[in-house]
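So you can see what is in the structure, the chains are spelled out below.
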Amino acid sequence: MSFYVTTPIFYGNGDPHLGHAYSTMAADILARHMRQRGEDVFFLTGTDEHGEPIAQAAEKQGITPQELVDRSAGRFRDMVGKVNATNDFFIRTTDQGHIERVQAVVNKVKENGYVYEGTYEGWYCPRCADFKNENEIGPGDTCLIHEIPLDRESEQNWFFKLSAFETELERLYEENPERIQPDFRRNEALAFIRQGLNDISLSRSQISWGVPLSWDPDQVMYVWFDALLNYYTALGYASGEEDLTDRFWPASWHIIAKDILKFHTVYWPAFLMAAGIEVPQRIFIHGYLLMGDKKMSKSLGNVLDPFEVIEKFGADALRFYCFREVSFGQDGSISTEGFETRYETELANDFGNLASRTLAMVTRYRDGVQPDAEPDPLLAADFDGAPARIEALLDEAQLSQALEEIWVLVRRLNRYVEEAQPWVLAKNEADAARLDQVLYSLTEGLRIVTLLLHPWLPESTAKLLEALGQEDLGLAGYGSRAGGTKVEKTEPLFPKLQE
Ligand code: MSP
């Protein structure tokens, strides 16, 4: 089965921060998990490089827009690598391959009769690149999101007949509620649609930094349509030779945050319907990571720098913390103190110690060979069906619930050590068979949780799996590998923090 997951493409006029890293890590966790299941995976991320804010930022810095986006694309690529994301392609909306395909799709929308010429008169937020409805306007004609004055715009441009898709969109989500997750976000999308949809500008005439319309090159495409189309166009040229569209479209999951819900759940499927292209299967809308109770943003100056955290603790710790601390889908606060606590208690103690104790005992009592024995039935009940449960949760992109399920098993294994007391069994030759069973079961349990944890903790689990003599990453059930494998001790996976 094919599995195609995307992140938003980030604005090419800023620096990457933890919020961007968060969506990237989320998509990567799903991509890695699906690869473990043997699915045919494609994972896309990239940068959104057209539009007014970028042209303005370049002008301020005295460079060309192209120079500006080249620099920031480099920084975003770097972020993707640092969080250890395994994207298959990094799209930039200034790619020639993207531009050509955007033009082809928009031509199709026009051919199909959903484009007309008109005058736009209304309020526009340059930071959102969004035309605001009455109920999206704050006091004194300001943007509710950015709290800046809106621009009154009046210009001749091409319009997209969004209104023609009201009924079809409503039906899409009523009949297939799973398409937008979590459920409360679907209700937001439906409420927006049910208010009635106005047609929207498809092009802008006062901006030149964008994709020109082929039938009217004085106008450039409205940046949101240009940006949204990345998910579709990338498949056409990402691999060079092979067009991957048939293999991966429609996307399995678009991962986004709540700030861009309307664009993804309303504008995007409507535009695809107008072009006669299948709509994406599902959209997961996560919340915001907050510092205290504030949104993390560059303009508010309260950004927890993912690069610093990774430098000090490694990408695994960041990947773990974000999905453990904040339930994926909800808003949640993060903090340096919270990070350090989870690092110590959960990564270093619960998981790291379990691994080092287990490997140390097998080394000490059985010369580093996992004994061959019947799996202890005491653990079987807890491990029964575990991979299938995790798979089912990840099919719903429930990243935090899945992690919690795995952590229950990590804790169960720690309790098992305490209950079984292998160090006592080791003192008495008569307990040799029982010690074999305990060490077999413990090592086997550790192997299972390590495989399951791999998407969140790719680096440390890779080390641990090597130490466990486990070569492939395929998910496995408790008791599926017989004993006899040579294991090795490892360095602490999560070294204690130095003051
Ligand atoms: N360029 C558009 C997206 C176009 S997609 C076709 C854009 N870019 S952005 O750089 O502003 O990125 C917004 C996205 O960054 C959010 O939807 C979310 O994925 C991520 N986040 C930004 N700040 C965030 C938090 N504080 N917390 C969680 N995610 C955040 O919008």
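Residues numbered from 1 in each chain as written. Predicted model: local features only at pLDDT ≥ 70, side-chain atom pairs only at ≥ 80, totals over all residues. Heavy atoms only, no water.

Some remarks on the overall build of the chain
Broken down by element type, the chain carries 19 helices and 18 strands. Computed over the C-alpha atoms, the radius of gyration of the chain is 26 Å, within 12% of the 23 Å expected from 2.2 N^0.38 for a compact globule of 499 residues. If one aligns the C-alpha atoms of the chain with their principal axes, the spans along those axes are about 90 × 45 × 40 Å. Sequence-distant contacts in the chain: of pairs separated by 6 or more residues, those separated by 24 or more amount to 76%. Carbon and sulfur atoms form 47% of the exposed surface of the chain, whose accessible area is close to 20,500 Å². When the 48 positive and 79 negative side-chain charges of the chain are each reduced to one mean point, those points stand 4 Å apart. (Helix = DSSP H or I, 4+ residues; strand = E, 2+ residues; numbered from the N terminus. Rg over C-alpha atoms; globule rule 2.2 N^0.38 Å. Contact = heavy atoms within 4.5 Å. Areas by Shrake-Rupley, 256 points an atom, 1.4 Å probe, with all protein chains shown as cover. Lys, Arg positive; Asp, Glu negative; His and termini not counted. Charge placed at Lys NZ, Arg CZ, Asp CG, Glu CD.)

Some thoughts on the site of the ligand
Taken together, 24 residues are adjacent to the ligand, and Ile9, Ser23, Asp48, Asp259 and Leu289 come closest. In this structure, Ala257 approaches the ligand through a main-chain N or O atom, which is 3.1 Å from an oxygen atom. When isolated, the ligand has an accessible area of 660 Å², and the protein chains bury 95% of it. At the level of elements, β1 (2-11), α1 (18-36), α7 (223-228) and α8 (230-237) are the ones that each hand at least two residues to the shell around the ligand. Among the residues making up the shell around the ligand, the classes are represented as 14 nonpolar, eight polar and two charged. (Near = heavy atom within 4 Å. Polar contact = N/O pair within 3.5 Å; in protein donor to acceptor, adjacent residues only side chain to side chain. Nonpolar A, V, L, I, M, F, W, Y, C, P; charged D, E, K, R; others polar.)

Focus on the domain arrangement of the chain
Once the domains are mapped, the chain shows domain 1 (2-286) and domain 2 (306-467). Look at where the C-alpha atoms of domain 1 and domain 2 centre, and you get two points 39 Å apart. Both sides of the domain 1 and domain 2 interface together cover about 2,600 Å² of buried area, and 66% of this is carbon and sulfur. Broken down residue by residue, the surface that domain 1 buries against domain 2 is led by Leu18, Tyr22 and Ile29, which jointly contribute 22%. At the boundary of domain 1 and domain 2, one finds five salt bridges. The partner of Arg37 in a salt bridge is Asp395, with the nearest N and O atoms 3.1 Å apart. Our count for the domain 1 to domain 2 interface comes out at ten residue pairs in polar contact (both at pLDDT 80 or more). At the level of secondary structure, the elements contributing two or more residues to the side of domain 1 that touches domain 2 comprise α1, α3 (65-82), α6 (183-194), β14 (253-257) and β15 (282-286). Per-element accounting of the side of domain 1 that touches domain 2 gives the leading share, twelve residues, to α1. Tallied by class, residues from the side of domain 1 that touches domain 2 come to 18 nonpolar, five polar and seven charged. (Domains from an automatic or database assignment. Buried area = accessible area lost by both parts, 1.4 Å probe. Salt bridge = Lys/Arg side-chain N within 4 Å of Asp/Glu carboxyl O.)

A word on the state of the cysteines
Applying the stated criterion across every chain, the model contains zero disulfides. In this model Cys125 remains outside any disulfide bridge; the closest cysteine sulfur is found in Cys128, 3.7 Å from its own. (Disulfide = S-S within 2.5 Å.)

Side note on the side chain of Thr47
Secondary-structure assignment places Thr47 in strand β2 (residues 40-48). Judged by relative accessible area, Thr47 falls into the buried class, the value being 0%. Only 2.7 Å separates the side chain of Thr47 from the side chain of Glu49, close enough to count as a polar contact. Sequence-distant contacts of Thr47, defined by excluding residues within four places in its chain, comprise Ile9, Phe10, Ala73, Phe76, Phe90, Ile91, Arg92 and Thr93. (Buried < 20%, exposed > 50% of the residue type's maximum accessible area, 1.4 Å probe, protein only.)

So, the sheet that holds strand β12 (residues 212-213)
The strand order β11-β13-β12 describes an open sheet built from three strands, whose pairing is antiparallel. The outermost strands of the open sheet, each flanked by one partner alone, are β11 (203-204) and β12. (Pairing = 2+ DSSP bridges.)

What to know about the environment of Pro126
For Pro126, the position within the fold is in the loop between β4 (115-125) and β5 (130-132). For the pair Pro126 and Ile148, spaced 22 residues apart in the sequence, the C-alpha separation amounts to 9.4 Å. Ignoring any residue separated from it by four or fewer positions in sequence, one finds Pro126 in contact with Glu52, Pro53 and Asp151.

Here we look at the pairing of strand β3 (residues 89-92)
Of the two faces of β3, the one lined by Phe89 and Ile91 and the one lined by Phe90 and Arg92 are each fully buried. Across four bridges, β2 lies against β3 in parallel orientation. Directly across from Leu44, in β3, lies its bridge partner Phe89.

A short note on the sheet that holds strand β8 (residues 151-160)
Spatial ordering of the open sheet is given by β5-β4-β8-β10, a layout of four strands whose pairing is antiparallel. A single partner strand is all that each edge strand has here, and the edge strands are β5 and β10 (200-201). Of the pairings in the sheet, the one linking β4 to β8 comprises ten bridges and is antiparallel in character. In the strand pairing of β8, Tyr116 is matched with Phe159. Packed onto the sheet, helix α10 (residues 261-275) meets β5, β8 and β10 and runs at close to 105 degrees relative to β5. (Axes fitted to C-alpha atoms, helices over the stretch in contact; angles between N-to-C directions.)

A short note on the nonpolar core
Counting residues in each nonpolar core, the largest one holds 89 residues, and the members touching the most others are Val5, Leu30, Ile255, Phe323, Phe351, Val449 and Trp456. When residues of this core are assigned to domains, at least three fall in each of domain 1 (2-286) and domain 2 (306-467). Ile255 has contacts with Val5, Thr6, Thr7, Pro8, Ser23, Ala26, Ala27, Leu30, Phe284, His286 and Phe328, leaving out every residue within four places of it along the chain. Counting 69 residues, the second-largest nonpolar core is a separate cluster that includes Leu190, Phe192, Ala227 and Tyr237. (Core = buried A, V, L, I, M, F, W, Y, C linked by side-chain atoms within 4.5 Å.)

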